[in-house]
Amino acid sequence: MSSDEVHATSVVPMANQIAAFFVSQGNHDAAVAGTADHIKAFWAPVMRRDLLALIDAGQADGLSDIARDAILQLR
Amino acid sequence: MSLIQETDYGTPAARSDRMVRLTIDGVQVTVPEGTSVMRAAKELGTTIPKLCATDSVAAYGSCRLCLVEIEGRAGTPASCTTPVSEGMSVSTQTPKLAKLRKGVMELYISDHPLDCLTCAANGDCELQDMAGAVGLREVRFGYDGANHLVATKDESNPYFTYDPSKCIVCSRCVRACEEVQGTFALTIAGRGFGSRVSPGQSEAFMTSECVSCGACVQACPTATLTETRVIEIGQPEHSAVTTCAYCGVGCTFKAEMRGEDLVRMVPWKDGKANRGHSCVKGRFAWGYATHRERVTEPMIRASVSDPWRVVSWDEAITHAASEFKRIQARYGRDSVGGITSSRCTNEETYLVQKLVRTGFGNHNVDTCARVCHSPTGYGLKTTFGTSAGTQDFDSVEQTDVMVVIGANPTDAHPVFASRMKKRLRAGARLIVIDPRRIDLVRSAHIEADHHLALRPGTNVAVLTALAHVIVTEGLADEAYVRERCDLQAYAHWAEFVSLPQNSPEATEAVTGVPAADLRAAARLYATGGNGAIFYGLGVTEHSQGSTTVMAIANLAMVTGNVGRPGVGVNPLRGQNNVQGACDMGSFPHEFSGYRHVSDDGARDLFEQAWGVSLGSEPGLRIPNMLDEAVAGHFKGIYIQGEDILQSDPNTRHVAAGLAAMECVVVQDLFLNETANYAHVFLPGSTFLEKDGTFTNAERRIQRVRRVMRPRNGYADWEVTQRLSNALGYPMAYSHPSEIMDEIARLTPSFAGVSFQRLDELGSIQWPCNAAAPDGTPVMHIDHFVRGQGQFIITEYVPTEEKVGPRYPLLLTTGRILSQYNVGAQTRRTENSRWHEEDVLEIHPHDAEERGVRDGEWVRLKSRSGETALRAQITDRVAPGVVYTTFHHPLTQANVITTDYSDWATNCPEYKVTAVQVARGNGPADWQVEYSAQARRSRRIEAAE
Ligand code: SF4
Ligand code: SF4
Ligand code: SF4
Ligand code: FES
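Residues numbered from 1 in each chain as written. Chains lettered and ligands numbered in written order. Predicted model: local features only at pLDDT ≥ 70, side-chain atom pairs only at ≥ 80, totals over all residues. Heavy atoms only, no water.

Novice: What is the right way to read the overall build of chain B from this model?
Specialist: The secondary structure content of chain B amounts to 29 helices and 36 strands. A globule of 944 residues ought to have a C-alpha radius of gyration of about 30 Å, and chain B, at 29 Å, matches this closely. Principal-axis analysis of the C-alpha atoms places the extent of chain B at approximately 90 × 80 × 65 Å. Considering only intrachain contacts with a sequence separation of at least 6, the fraction spanning at least 24 residues in chain B is 73%. Taken as a whole, chain B presents about 32900 Å² of accessible surface, with 49% of it coming from carbon and sulfur. The distance from the centre of the 94 positive side-chain charges to the centre of the 110 negative ones in chain B is 2 Å. (Helix = DSSP H or I, 4+ residues; strand = E, 2+ residues; numbered from the N terminus. Rg over C-alpha atoms; globule rule 2.2 N^0.38 Å. Contact = heavy atoms within 4.5 Å. Areas by Shrake-Rupley, 256 points an atom, 1.4 Å probe, with all protein chains shown as cover. Lys, Arg positive; Asp, Glu negative; His and termini not counted. Charge placed at Lys NZ, Arg CZ, Asp CG, Glu CD.)

Below, the structure is given as structure tokens:
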């Protein structure tokens, strides 16, 4: 399994799951902020970098909008 | 050290605030109303002879040995069944009483074997003591009459023997089984002279309802019920109080020793978690400590396909350290990490995370709590402000309504379950929310008011529906909410739960719980008095684990059920030191006491104390480490006391991660499954061989005391210390108490904790600091730790793991009483006699559809993998649901589980896996291969 495959199967769904929780907590901005805070508090920097790299490479298929906005905010 | 002798007051303590004054043998004494005359005398130091009374069970008044005379009253009442009254004047020793007592003893002795010299209880027999106490010198009836001397022994139980010839039919065992354990396995069979104690309908102990808790053995005043070890070894001669190393109840025991031989474990009456009771694991299942498979010498190997080579401690430690340094030099500082163990002591856990943060210089540390209770930490911190349960166990005695969610206390937390059952028998009401009909739903003298048998994975929908009923039917405790909680958040939340889609009627289709039942349960919890919620891994081990914990906290707040005895939110922790491992800073994002690594103040404190600079960003969690390993970035790991290959989800992924690493160091008692992928094996020590502390589910810190030398030469903390020194970060503790002193200096909630204070108080519940010098039994009394309680919106998000045509059944997992987690310890004891293999519970309909027959092999398949095990057909599980345990490596239920996990914490979703079941004809191919590979990997090179 290549490095990208691994991350495609974990960081993207993980970010989506977090976003799915925060979506229910308020409006779009609040959801993005909540998701970003959560990722910042609990993800090792390498995981954030991995997700950003996937986005940059156009391989973050299925990443939700909230999750995408949140991770981009943390760049 | 001498043998600790506990006082037997004869009858349980009375609970009244009203005091009564009386005179016993001319001396005045004041005791609470309801106290027996026997107990009042004992308080004064006067021992009234007794046989059928003991202070763990209610008085029965059958032996007639404890007679006293009371001024102004006719006859000679039994002091055990006579309560004190104001102004009473009692004589405990008169010529008349002496004569009566002698007569009673004569009768007992005439039917008792007189083989005292060779009896196992010699020196620890109350019958013997009483014969001495009443001055028995002759037996006028002779010894030739009818007796029971030829009755055969029941040796079916591996841990204790029943010798009916010695029974005096005092029924202490029967009452202990009923009142203390709550199993009702024993009866007095027969009548008059022919009466004898009998498990069930004259069955053997092993085949009866008996769960081998040992309460009856402890209560028996004679050698009738005796630990087999006492029969083998003899009476112990010294003892120390220590804490069980199995589950999160944290029972304390007297480890009774003869030299370095552990003779028996006797639950300590002063133990505040267990109050003198225990289960089969803590009392009996410690034989693994001396099991022949225990590895006591360090070993290394270059590749996991090589056999192990036994080396000196120096060589093993130097090798491990140089490997970690090599890896970090080549792949970067973050390419290594460590895992602390919930099985080890607080001091050991603290040291491992310290080693990672200082010696490795990163925050890549995690703990097995990741896979069980990490959502508890997140959920309770968010809502209440602390990552821990709110109550002490004693609190259950004041509970009116218990809600048990996703927990199976009678199997997983047996001693606390006994305390719950006692309260339930006294009238508390019970709501069980569980896909499976756990024993608590219906057992001796207990019947749940409601069993909401929800579909696995729908906890959030059910809990939100309960909140819907409470809010929309006007059952919320608004005064409490106004005073204690964030009102804006409450308003949002109340609006959310009131939405029609959250009504029980709307959620019924998803959850499978009939709306009327759910409504009735909600009303009972909200209006039934003190409501307490108890939950286990059936709550946390889901993709919405953290949301479920927050939904539970919401329910407790909206009904005003937090902040006093009898109520609260009580996570039942799986392992002995899950709470402690979390408290000690085992998570990659926080230091001890739950302070985030980005908190500058906390980081400064640790940087100064440890003399290193620390990063402000979190490290990797276990699943992330494995992902990074597979991706080629994470190369070395130090694992203390955890078997991630067997315990973590998606075994094949774990194996791939481990296989991709260049240095895996496993520190354990046995060559566990993870060790199949290890390069360095450092032998561990058992809880009997070291000093330290464990923290149980009620935040209670208790001492673990060393009663024998470590067979491997070192306690685990010493091994970590040596590794740290070899890595170049010096540690020089000479005793675990010094580690605790450091923890206390650096952790505000532990500020007042020290070994000395623990010795003084017996145990301490954190927070323990200047504001609470003796600790804190109940939290959030006047206000929540975070200030205002925070309601959180808990929208139900179905798990991605869905049933479909290929995988139409839902698998959920759990554990059983006699076994413990991956079974590394319990499988190496006689406990295996109760559970030789994992089986798959399946509903009769599902079995029939598939042609599966009871006891036959079936194949269990999910998207992750396949295994085979035997089927057990039962309606305990609902149609569509199957259930198994994960105690045996051959089954490896986790080959089946997927890597879906909790959104907030990555706690794996063990409790929901879509599977298919089909008839099989024996172990799956990979099981056969795996056994062969495991055998190969465990080879040890012969010494030269
Ligand atoms: S061992 Fe426990 S369950 Fe078994 S008979 Fe004795 S008290 Fe009852
Ligand atoms: S077995 Fe022991 S406790 Fe039970 S009735 Fe006989 S003597 Fe009493
Ligand atoms: S396993 Fe749990 S309940 Fe059993 S003795 Fe140990 S701490 Fe107590
Ligand atoms: S001890 Fe009181 S009657 Fe037996």
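Further notes follow.
Novice: It is not clear to me how the overall build of chain A should be interpreted in this structure. Could you clarify?
Specialist: A tally of helices and strands in chain A yields four helices and zero strands. Reading chain A from its N end, one meets helices and strands in the order α-α-α-α. Looking at the 75 residues of chain A, the share that counts as buried comes to 49%. Contacts spanning at least 24 positions in sequence make up 65% of the contacts within chain A whose residues lie at least 6 apart. As displayed, chain A has an accessible area near 3300 Å², and 53% of this comes from carbon and sulfur atoms. (Buried < 20%, exposed > 50% of the residue type's maximum accessible area, 1.4 Å probe, protein only.)

Novice: I tried to follow the site of ligand 1 on my own but got confused; where do I start?
Specialist: Residue and element names in this part refer to chain B. Near ligand 1 the following residues occur: Phe160, Cys177, Leu186, Phe205, Cys210, Val211, Ser212, Cys213, Gly214, Ala215 and Cys216. A molecule is said to occupy a pocket when more than half its atoms come within 2 Å of that pocket's grid points, and by this definition ligand 1 occupies the second largest cavity. Looking at the shell around ligand 1 residue by residue, the classes come out as nine nonpolar, two polar and no charged. (Near = heavy atom within 4 Å. 1 Å grid on protein atoms, 1.4 Å probe; cavity = no way out; pocket = protein on both sides within 12 Å on 5 of 7 lines; lining within 4 Å. Sits in = over half its atoms within 2 Å of the grid points. Nonpolar A, V, L, I, M, F, W, Y, C, P; charged D, E, K, R; others polar.)

Novice: What's the story with the site of ligand 3 in this structure? I'm lost.
Specialist: Residue and element names in this part refer to chain B. Around ligand 3, the surrounding shell consists of Cys244, Tyr246, Cys247, Val249, Gly250, Cys251, Phe253, Cys279, Lys281, Gly282, Pro414 and Val415. Of all elements in the fold, only α7 (280-284) and α12 (414-425) reach the threshold of two or more residues within the shell around ligand 3. When grouped by side-chain class, the residues that make up the shell around ligand 3 number nine nonpolar, two polar and one charged.

Novice: It is not clear to me how the sheet that holds strand β10 (residues 252-258) of chain B should be interpreted in this structure. Could you clarify?
Specialist: Within a sheet, neighbouring strands are paired by backbone hydrogen bonds and run either parallel or antiparallel to one another. Residue and element names in this part refer to chain B. The three strands lie next to each other as β9-β10-β11, forming an open sheet whose pairing is antiparallel. At either end of the open sheet lies a strand with only one pairing partner, and these are β9 (238-243) and β11 (261-267). Averaged over all pairs of adjacent strands, the angle between their axes in this sheet comes to 30°, without regard to strand direction. Summarising the sheet, β10 and β11 pair through six bridges and their orientation is antiparallel. Each bridged residue has a counterpart across the sheet, and for methionine 257 the counterpart in β11 is leucine 262. (Pairing = 2+ DSSP bridges. Axes fitted to C-alpha atoms, helices over the stretch in contact; angles between N-to-C directions.)

Novice: Please clarify how the packing of aromatic side chains should be interpreted in this entry.
Specialist: One pair of aromatic rings is described through two measures. These are the centre distance and the angle between the planes. Residue and element names in this part refer to chain B. Under the counting rule described, the total for this entry stands at 24 aromatic pairs over all chains. Measuring from centroid to centroid gives 5.2 Å for phenylalanine 160 and phenylalanine 205, while their planes differ by 85°, and the two rings are edge-to-face. With phenylalanine 160 in strand β5 (residues 160-162) and phenylalanine 205 in the loop between β7 (196-199) and α5 (215-219), the pair connects residues that are 45 residues apart, well separated along the chain. Looking at phenylalanine 160, the relative accessible area reads 1%, which means it is buried. Looking at phenylalanine 205, the relative accessible area reads 2%, which means it is buried. Residues tyrosine 246 and tyrosine 288 carry aromatic rings whose centres are separated by 6.2 Å and whose planes lie at 70° to one another, so their mutual orientation is edge-to-face. Here tyrosine 288 lies in the loop between α7 and β12 (299-300) and tyrosine 246 lies in the loop between β9 and β10, a separation of 42 residues in the sequence. In this pair, the class of tyrosine 246 matches that of tyrosine 288, namely buried. (Phe/Tyr/Trp six-rings, centres within 6.5 Å; stacked < 30°, edge-to-face > 60°.)

Novice: Explanation requested: empty space enclosed by the protein in the structure shown.
Specialist: A water-sized probe rolled over the atoms picks out the places where empty space is left. Residue and element names in this part refer to chain B. This structure, assessed with the given rule, holds twelve cavities of 30 Å³ or more. Estimates place the volume of the second largest cavity at around 90 Å³. For the lining of the second largest cavity, the secondary structure elements donating two or more residues are α4 (172-181) and α5. Of the residues belonging to the lining of the second largest cavity, the class tally is ten nonpolar, four polar and no charged. (Points joined across faces, edges and corners; volume = space filled by probe spheres on them.)

Novice: What's the story with the environment of B:Val558 in this structure? I'm lost.
Specialist: Residues and elements named next belong to chain B. Here valine 558 is to be found in helix α19 (residues 545-558). For the pair valine 558 and glycine 528, spaced 30 residues apart in the sequence, the C-alpha separation amounts to 14 Å. For valine 558, the contacting residues outside a window of four places in its chain are Ile470, Val471, Ala476, Asp477, Val481, Tyr490, Trp493 and Phe791.

Novice: Can you help me understand the interface of chain B and chain A in this one?
Specialist: Note: interface size is frequently given as the accessible area lost on complex formation between the parts. Of the residues lining the interface, 25 residues belong to chain B; the matching set on chain A comes to 23 residues. Across the chain B/chain A interface, buried area totals approximately 2000 Å², and carbon plus sulfur atoms make up 59% of it. Sorting the residues of chain B by area buried against chain A places B:Glu617, B:Pro618 and B:Trp903 first, and these three jointly supply 27% of that buried surface. Viewed at the interface, chain A and chain B are joined by two salt bridges. We note a salt bridge from A:Arg48 to B:Glu617, for which the minimum N-O separation is 3.1 Å. At the boundary of chain B with chain A, the tally comes to six residue pairs in polar contact (both at pLDDT 80 or more). Mapped by element, the contributors of at least two residues to the side of chain B that touches chain A are α19 and α22 (622-630) of chain B. Examining the composition of the side of chain B that touches chain A, we find that four residues originate from one element, α22(B), more than from any other. Within the side of chain B that touches chain A, the residues separate by chemical class into ten nonpolar, nine polar and six charged. (Buried area = accessible area lost by both parts, 1.4 Å probe. Salt bridge = Lys/Arg side-chain N within 4 Å of Asp/Glu carboxyl O. Polar contact = N/O pair within 3.5 Å; in protein donor to acceptor, adjacent residues only side chain to side chain.)

Novice: I'm lost on the packing of helix α13 (residues 459-472) of chain B against helix α16 (residues 504-511) of chain B in this one. Help?
Specialist: A pair of packed helices is captured by two measures, namely the crossing angle of their axes and the spacing between those axes. All names here are of chain B. At a closest axis distance of 10 Å, the pairing of α13 and α16 adopts a crossing angle of 165°. Taken as axis vectors, α13 and α16 run roughly antiparallel relative to one another. Classified by chirality, the crossing of α16 by α13 is left-handed. In this structure, α13 uses Ala461, Val462, Ala465, His468 and Val469 to contact α16, whose residues at the interface are Pro504, Thr507 and Thr511. (Parallel < 35°, antiparallel > 145°, perpendicular 65-115°, else oblique. Left-handed = near helix turned anticlockwise from the far one by under 90°.)

Novice: I keep staring at helix α21 (residues 600-610) of chain B and nothing clicks. Help me out?
Specialist: Because an α-helix completes one turn every 3.6 residues, residues spaced three or four positions apart along the sequence face the same direction. Residue and element names in this part refer to chain B. Among all positions in α21, only Ala602, Arg603, Phe606 and Trp610 are buried. Looking straight down α21, one finds that the buried residues subtend no more than 95° of arc, so they occupy a single side. On its buried face, α21 is in contact with α9 (346-360), β23 (590-591), β24 (595-596) and α26 (736-746). For α21, the side-chain oxygen to backbone nitrogen distance between the N-cap and glycine 601 is 3.0 Å, and the N-cap itself is aspartate 599. Glycine 611, located one to two residues past α21, shows a positive phi value of around 70°. (Arc of directions from axis to C-beta.)

Novice: It is not clear to me how the side chain of B:Ser862 should be interpreted in this structure. Could you clarify?
Specialist: All names here are of chain B. Among the structural elements, serine 862 can be located in the loop between β33 (857-861) and β34 (866-873). At 3.0 Å, the side chain of serine 862 forms a polar contact with the backbone nitrogen of serine 864. Every residue in contact with serine 862, bar those within four places of it in the chain, is listed here: Tyr807, Ile896, Thr913, Ala914 and Val915.

Novice: How should the side chain of B:His450 be read in this particular structure?
Specialist: Residues and elements named next belong to chain B. With respect to the element layout, histidine 450 can be found in strand β20 (residues 450-452). Judged by relative accessible area, histidine 450 falls into the buried class, the value being 16%. When sequence neighbours within four positions are dropped, the list of residues in contact with histidine 450 reads Leu430, Ile431, Val432, Asp517, Ala520, Ala521 and Leu524.

Novice: Mind showing me how you'd approach the packing of α9(B) against helix α25 (residues 716-727) of chain B here?
Specialist: Residues and elements named next belong to chain B. The geometry of α9 relative to α25 is characterised by a closest axis approach of 9 Å and an angle of 10° between their N-to-C directions. With respect to α25, the element α9 is oriented roughly parallel. Residues Glu348, Leu351, Val352, Leu355 and Phe360 of α9 touch α25, and the partners they reach there are Asp716, Trp717, Thr720, Gln721, Leu723, Ser724 and Leu727. A breakdown of the residues in the contact of α9 with α25 according to their chemical character gives seven nonpolar, three polar and two charged.

Novice: Quick question: what am I supposed to make of unusual backbone geometry here?
Specialist: Apart from glycine, the bulk of residues carry a negative phi angle, and the bulk of peptide bonds sit in the trans form. Residues and elements named next belong to chain B. In the segment running from tryptophan 766 into proline 767, the intervening peptide bond is cis, with an omega of -5°. Structurally, the position occupied by proline 767 is in the loop between β30 (763-765) and β31 (809-814). A positive phi angle, near 60°, is found at serine 212, a position not held by glycine. Examined against the element boundaries, serine 212 turns out to sit in the loop between β7 and α5.

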